[in-house]
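Here is how the chains run, residue by residue.
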Amino acid sequence: MKKLIKNTFCLILVLLIFSACQNVKDGLTGKKQTNSDEFLVKKKEPLVMPPEFEKLPEPKSLERTNTLEDIDLELSIKKEMGLKNKT
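A quick note: this is a predicted structure, and the numbers were derived from the prediction, not measured. Numbering of residues begins from 1 in every chain and follows the order in which that chain's sequence is written. In view of the model being predicted, local features appear only for residues whose pLDDT reaches at least 70, and side-chain atom pairs are presented and counted only at 80 or more, with totals across whole chains, interfaces and linings using the full set of residues. Hydrogen atoms and water are omitted, and side-chain values are computed over all heavy atoms in the structure.

Draft legend 1. Examining the environment of Leu15 more closely. If you trace the backbone, Leu15 turns up in helix H1 (residues 2–20). Residues Leu15 and Lys25, spaced 10 residues apart in sequence, show a C-alpha to C-alpha distance of 10.0 Å. A helix here means a DSSP run of H or I that spans at least four residues, while a strand means a run of E at least two residues long, and both kinds are numbered starting from the N terminus.

Put into structure tokens, the structure is as follows:
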């Protein structure tokens, strides 16, 4: 009889300890996790063509034309570096 009372007391004590633990309680009751973040994700809008897509500028020619500003800049850099002018 004493053994039965002792076992019952131990069982009640273990159940009280486990009921205080929220994770064990949720696991035993089968409670599912609540995630409300999955509905807060903003969906991307579909891609749209630019309004003036047909009027895009043509690419410039591949050859670079030396303007006076480019030549003056090049000469001033060479002068600062102490290089002789080849032209």
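Draft legend 2. Seen up close, a nonpolar patch on the surface. Side chains of Phe9, Leu13, Val14, Ile17 and Phe18 sit close together on the surface and give an oily, nonpolar patch of about 500 Å² of accessible area. Residue position: Ile17 is located in helix H1. Patch rule: a residue counts if its relative accessible area is over 30% and it has no salt bridge; like charges are joined within 9 Å, and nonpolar side chains (Val, Leu, Ile, Met, Phe, Trp, Tyr) within 5 Å. Calculation of accessible area relied on Shrake-Rupley with a 1.4 Å probe; when residues are assessed, cover is drawn exclusively from the protein chains displayed. Whenever Lys or Arg places a side-chain nitrogen within 4 Å of a carboxyl oxygen from Asp or Glu, that contact is recorded as a salt bridge.

Draft legend 3. Looking closely at H1. What a helix is expected to span follows from its residue count: subtract one and scale by 1.5 Å. Between the first and last C-alpha of H1 there are 27 Å, a value that for 19 residues agrees with the 27 Å anticipated at 1.5 Å per step. Relative accessible area decides the class of each residue, using a 1.4 Å probe on protein chains only: under 20% of the type maximum gives buried, over 50% gives exposed, and in between gives partly exposed. Where burial is concerned, little of H1 is hidden: 0 out of the 19 residues are buried.

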